[in-house]
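Tertiary structure, described
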Amino acid sequence: MTDILLIDKSQICRVLADKEGLSISVSDNDIIGLNSAIALKPSVILLDYHLRKQETPEYISLLVKGCLTSKIVLIADQLEEFDLMDCLIAGAHGYASIEMLDRQFNKLIAAIMAGEAWISRRMVGKVLDRLRETLISQNIKAV
């Protein structure tokens, strides 16, 4: 059984709580959510971007430090590319819109549990571009 922690202020994602074969815990508070993540060490953390908005990358960093094995997926209606990029760099493994999450939830969880990222090909290209820019600015040769 896959254990999931849903940290969701908007309560839009609460419809997921009745999915069969999944153990889903829910928190609508960022501090309680962080403490729950550290205590439970869930396989997947679904994180509502609107809970912390611009502070979400810092919050993701705290989640990553507290539960190294958990996979974090960001949930939002729409997210600007630079906001998503910051969250991915902070440690998120993917992004899903509320609409997509409702339609492809099981596929997303399966992909994340298989070690895949859940982002568009276009975003993969942007992540690679950012990595190249970082390597060039630090004068590091890619292996």
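Residues numbered from 1 in each chain as written. Predicted model: local features only at pLDDT ≥ 70, side-chain atom pairs only at ≥ 80, totals over all residues. Heavy atoms only, no water.

**A look at the environment of Val26**
Our working definition: Secondary structure counts use DSSP, requiring at least four H or I residues in a row for a helix and at least two E residues in a row for a strand, with both numbered from the N terminus. Residue burial is assigned from relative accessible area. The probe radius is 1.4 Å, only protein chains are included, and a residue is buried under 20% of its type maximum, exposed over 50%, and partly exposed in between.
Tracing the sequence through the fold places Val26 in strand β2 (residues 22-27). Taking the relative accessible area as the measure of exposure, Val26 reaches 35% and is therefore partly exposed. In the structure, Val26 is positioned 19 residues away from Ile45 in sequence and 9.9 Å away in space, judged by C-alpha atoms.

**Digging into the packing of helix α3 (residues 81-90) against helix α5 (residues 121-137)**
Worth spelling out the cut-off: Here an axis means a line fitted to C-alpha atoms, over the contact stretch when the element is a helix, while the angle between two N-to-C directions is reported on a 0 to 180 degree scale. For classification, angles of less than 35 degrees are called roughly parallel, those exceeding 145 degrees roughly antiparallel, those between 65 and 115 degrees roughly perpendicular, and all remaining angles oblique. Take the far helix as the reference: if the near one is turned anticlockwise from it by less than a right angle, the crossing is left-handed, and if turned clockwise, right-handed. Every residue pair with non-hydrogen atoms within 4.5 Å of one another is taken to be in contact.
Across the interface, α3 lies against α5 with an axial gap of 11 Å and an inter-helix angle of 65°. With respect to α5, the element α3 is oriented roughly perpendicular. Seen along the crossing, α3 lies across α5 with a hand that is right-handed. Contact with α3, carried on its side by Glu81, Leu84, Met85, Asp86, Leu88 and Ile89, involves Arg122, Met123, Lys126, Val127 and Arg130 of α5 and no other residues of that element.

**A few points about helix α4 (residues 98-113)**
As a reminder of what qualifies: To estimate how far a helix should extend, the number of its residues minus one is multiplied by 1.5 Å.
With 16 residues, α4 should cover 22 Å at 1.5 Å per step; its first-to-last C-alpha distance of 19 Å lies more than 12% under that length. Three or more residues of α4 are buried, namely Ile98, Met100, Leu101, Phe105, Leu108, Ile109, Ala111 and Ile112. Elements in contact with the buried residues of α4: β1 (2-7), β2, β3 (44-48), β4 (71-75) and β5 (94-96). With its phi angle positive at about 90°, Gly115 sits one or two positions after the end of α4.

**Points about unusual backbone geometry**
The backbone of Lys41 shows a phi angle near 45°, a positive value even though the residue is not glycine. For Lys41, the position within the fold is in the loop between α1 (30-40) and β3.

**Let's talk about the pairing of β4**
For the record, the criterion: At least two DSSP bridges between two strands are needed for those strands to be called paired. With the strands aimed away from the viewer, a crossover counts as right-handed if its path from the first strand over the helix to the second runs clockwise.
Among the five residues that make up β4, four are buried, leaving the element largely enclosed by the rest of the structure. Taken together, the five bridges between β3 and β4 define a ladder with parallel strand orientation. Its bridge partner lying in β4, Val44 is registered against Lys71. Crossover handedness for the path β3 to helix α2 (residues 56-66) to β4: right-handed. Across three bridges, the pairing between β4 and β5 is parallel.

**Section: the nonpolar core**
Under the convention used in this document: Among the buried residues, those of types Ala, Val, Leu, Ile, Met, Phe, Trp, Tyr and Cys that are joined through side-chain atoms within 4.5 Å form a nonpolar core.
Ranked by size, the top nonpolar core spans 24 residues in total, and within it Ile7, Ile45, Leu47, Ile60, Leu63 and Leu74 carry the most contacts. Residue assignment for this core shows that the elements contributing at least two residues are β1, α1, β3, α2, β4 and α3. With five residues, α3 is the single largest residue contributor to this core. If near-sequence neighbours (up to four positions away) are discounted, Ile60 is found in contact with Leu47, Ile72, Leu74, Cys87, Ala90, Gly91 and Ala92.

**Remarks on the packing of α1 against α2**
For the pair α1 and α2, interaxial distance at closest approach is 9 Å and the crossing angle is 25°. On the basis of their axis angle, the class for α1 and α2 is roughly parallel. Where α1 crosses over α2, the handedness of that crossing is right-handed. For the pair formed by α1 and α2, the contact residues are Asp30, Gly33, Leu34, Ala37 and Ile38 on the first element and Tyr59, Leu62, Leu63 and Gly66 on the second.

**Section: α3**
By the burial criterion, the buried members of α3 are Asp83, Leu84, Met85, Cys87, Leu88 and Ala90. Looking at the buried side of α3, the elements it contacts are α2, β4, β5 and α5. Of the residues one or two after α3, Gly91 is the one with positive phi, at around 135°.

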